[in-house]
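Okay, here's what each chain looks like letter by letter:
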Amino acid sequence: MNGYKIDLYLNKKSSDGSIMEKVHDYKLQLQEHEENRLNILKKSPLCSACEREVRILDRYSGEKFKALMFGSNNYLGATVNNIAIDKAIEVTKEYGVGSGGVPLLTGTNIFQNELESTIANVKGFDDAILFSSGFTANIGAIIGLIRSNNLIIHDRLNHASLIDGSLMSGAKMMRYNHNDPASLEKILAENHENYPGGILVVTDGVFSMDGDIARLPEIIDVVNKYESILLIDDAHATGVIGHKGSGSLSHYNITDRKNIILTGTLSKAIGAVGGFITASQDIVNYLRIFARSNMYSTALPPSVCASSTEIFKMMASTDVVDRLNRNANYMREKLKEKGYDTLNSETAIIPIMVRNEVLLTEISKEFLKRGIIVNYIFPPVVSPGKSRIRVSMMATHTKDDMDYFLTILDEIDRDYKIR
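Rules behind the numbers
Residues numbered from 1 in each chain as written. Predicted model: local features only at pLDDT ≥ 70, side-chain atom pairs only at ≥ 80, totals over all residues. Heavy atoms only, no water. Helix = DSSP H or I, 4+ residues; strand = E, 2+ residues; numbered from the N terminus. Rg over C-alpha atoms; globule rule 2.2 N^0.38 Å. Buried < 20%, exposed > 50% of the residue type's maximum accessible area, 1.4 Å probe, protein only. Contact = heavy atoms within 4.5 Å. Lys, Arg positive; Asp, Glu negative; His and termini not counted. Charge placed at Lys NZ, Arg CZ, Asp CG, Glu CD. Phe/Tyr/Trp six-rings, centres within 6.5 Å; stacked < 30°, edge-to-face > 60°. Lys NZ or Arg CZ within 6 Å of the ring centre and 35° of its normal. Pairing = 2+ DSSP bridges. Axes fitted to C-alpha atoms, helices over the stretch in contact; angles between N-to-C directions. Core = buried A, V, L, I, M, F, W, Y, C linked by side-chain atoms within 4.5 Å. Domains from an automatic or database assignment. Buried area = accessible area lost by both parts, 1.4 Å probe. Salt bridge = Lys/Arg side-chain N within 4 Å of Asp/Glu carboxyl O. Polar contact = N/O pair within 3.5 Å; in protein donor to acceptor, adjacent residues only side chain to side chain. Nonpolar A, V, L, I, M, F, W, Y, C, P; charged D, E, K, R; others polar.

Caption draft 1: Expanded view of the overall build of the protein. When helices and strands are counted, the protein shows 15 helices and 13 strands. The C-alpha radius of gyration computed for the protein amounts to 22 Å, which stays within 12% of the reference 22 Å derived for 419 residues, consistent with globular compactness. For the protein, buried positions account for 53% of its 419 residues. Of the contacts made within the protein by residues no fewer than 6 positions apart, 68% connect residues no fewer than 24 positions apart. In the protein, 47 positive and 51 negative side-chain charges are present, and the distance between their average locations comes to 3 Å.

Caption draft 2: Seen up close, the side chain of Asp410. Residue position: Asp410 is located in helix H15 (residues 399-416). If sequence neighbours within four positions are ignored, Asp410 has contacts with Lys338, Tyr340 and Arg419.

Caption draft 3: Looking closely at the packing of aromatic side chains. Applying the stated rule across the entire model yields 5 aromatic pairs. Ring geometry for Phe70 against Phe405: centres 5.0 Å apart, planes inclined by 45°, an arrangement best described as tilted. Of this pair, Phe70 sits in the loop between strand S2 (64-69) and helix H2 (82-95) while Phe405 sits in helix H15, placing them 335 residues apart in sequence. Centroid distance Tyr95 to Phe111: 4.9 Å. Interplanar angle 90°. Geometry classified as edge-to-face. Here Tyr95, found in helix H2, pairs with Phe111, found in helix H4 (residues 110-123); they are 16 residues apart in sequence, far enough to count as distant. Classification of Tyr95 as partly exposed rests on a relative accessible area of 36%. Overall, Phe111 belongs to the buried group, its relative accessible area being 9%. Through a chain of ring-to-ring contacts, three or more aromatic side chains come together here, namely Phe70, Phe367, Tyr376 and Phe405. Over the face of the ring belonging to Phe125 we find Arg257, whose NZ or CZ atom lies 5.3 Å from the ring centre.

Caption draft 4: Structural view of the sheet that holds strand S10 (residues 349-355). Pairing within the open sheet is antiparallel, and its 3 strands lie in the order S10-S13-S12. Taken across any chain shown, the strands that pair with only one partner, and hence form the sheet edges, are S10 and strand S12 (375-377). Going from strand to strand, the sheet's axes swing by 25° on average, the running direction of each strand aside. With 3 bridges joining them, S12 and strand S13 (residues 387-392) adopt antiparallel strand pairing. Opposite Asn375, over in S13, you have Arg390 as the bridge partner. Sheet strands in contact with helix H14 (residues 357-369) are S10, S12 and S13, and its direction is about 35° off that of S13.

Caption draft 5: Region of interest: helix H6 (residues 160-169). Within H6 the residues assigned to the buried category are Ser161, Leu162, Ile163, Gly165, Ser166 and Ser169. In this fold, the buried residues of H6 make contact with helix H5 (134-145), strand S4 (151-155), strand S5 (172-176), strand S6 (199-204) and strand S7 (229-233).

Caption draft 6: Fine view of the sheet that holds S7. Spatially, 7 strands are ordered S3-S9-S8-S7-S6-S4-S5 in an open sheet, and the strand pairing comes out mixed. The open sheet is flanked by strand S3 (127-131) and S5, the only strands paired with a single partner. The mean inter-strand angle of the sheet, taken between neighbouring strand axes irrespective of direction, is 20°. Here helix H7 (residues 181-191) sits on the sheet in contact with S4, S5 and S6, set at roughly 145° to S5.

Caption draft 7: Quick peek at the nonpolar core. Within the largest apolar cluster, 90 residues are counted, with the highest numbers of intra-cluster contacts made by Phe70, Phe367, Ile389, Met393 and Phe405. Built from parts of two domains, this core gets at least three residues from each of domain 1 (35-69 + 319-416) and domain 2 (82-317). Apart from the residues lying within four places of it in its own chain, the contact partners of Phe70 are Met331, Ile372, Ile373, Val374, Arg390, Val391, Ser392, Met393, His397, Asp401, Met402 and Phe405. Among the nonpolar cores identified, the runner-up in size contains 18 residues, and Phe131, Leu162, Leu200 and Ile261 belong to it.

Caption draft 8: Representation of the domain arrangement of the protein within the structure. On domain assignment, one finds that the protein holds domain 1 (35-69 + 319-416) and domain 2 (82-317). Each of domain 1 and domain 2 has a C-alpha centre, and the two are 28 Å apart. With 17 residues of domain 1 at the contact, the number on the domain 2 side is 16 residues. In total, about 1,300 Å² of surface goes out of reach between domain 1 and domain 2, with carbon and sulfur atoms giving 61% of it. Contact with domain 2 buries area across many residues of domain 1, yet Val321, Thr347 and Ile349 alone supply 35% of it, more than any other trio. Our count for the domain 1 to domain 2 interface comes out at 1 salt bridge. For Arg388, the salt bridge is made with Asp210, and the minimal N-O distance between the two is 2.6 Å. Where domain 1 meets domain 2, there are 7 residue pairs in polar contact (both at pLDDT 80 or more). Sorting the residues of the side of domain 1 that touches domain 2 by element identifies helix H13 (320-338), S10 and S13 as the ones contributing at least two each. For the side of domain 1 that touches domain 2, the element with the most residues is H13, which contributes 4 residues. Counted by class, the side of domain 1 that touches domain 2 contains 10 nonpolar, 4 polar and 3 charged residues.

What follows is the structure, encoded as structure tokens:
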């Protein structure tokens, strides 16, 4: 490919300050991407349900082929859960395909109320609010509560939606070293007197690119010491860690919910679409009005709410979360034994570090032609020099699936020297 690499820094800004120069520059990069028949900036679509084995429509040849899915957030295989599907069909036939309005006008339905109650019970809070996505839930939590005279302190590896919400709030924003309570405490010690009662600390529960778990017991101790509020994004923790997939607080057996707000998504382990905030009753009541991404967005369809509730029931009544973690542990340990760098992954998200963007761009074609789908993560999603393959495990993967992946990875490594 003559040294071509994915480089999104090239097109983030226009050198002349215009709106359209960067658009034109990206057009040239995308043209080269297409000439190299890549599937990174544009994707060959699925022509099947997203499960452990999928069918792909090759957008270059027009042919269909099978592939093993190691790139989906569908951790529990919930997208094809028969009980959830049947419930969605039943509810759609009686209640229609959409909610018909925003939650505070005509959009609230009984299935929304049931799901909000279910989420609050699973997470150990008083109540919950549903959103159209996890992204809008994070934005809603921050812009609903935070004003320009507040301070937000982020883990350096927090999700983009949390950063965007902070920018929208107008508050001062600072970052502490990744998963480092001592770094957090230093910032709080230096700033808490200037923001009495006005500091929000924000962390992912499970970090979406590294697959490690936030050190919540220590973080909570520090937050409480300086009388701050903690926001935890449990998007990749829900259905993955904790008792029966209850999430990051459950993972550590933390029962105190004082000064904690938790957000999450229905689009990963739950297998649907949507997001949520769960917190104390007073905070939930306030955010129903002041979280603009809830107030001004159409409510989730009744079928989505009803089918999502069925997945929470399935998590509680089966060993599906244990099966997911057995698979993740098997894959992670095998990768480590073989000498691949998986950072500090502890969950179903397993990075395989490549670091070189040119190399990773070339590798992306090799997996797909061998019938494997994984994700390729480039800057600015991660820092320069930290590009990686991101493997996402599912409860439905078989040992044969995982062993095949490992065999193919070793084949590719012989040519590209990943280790």
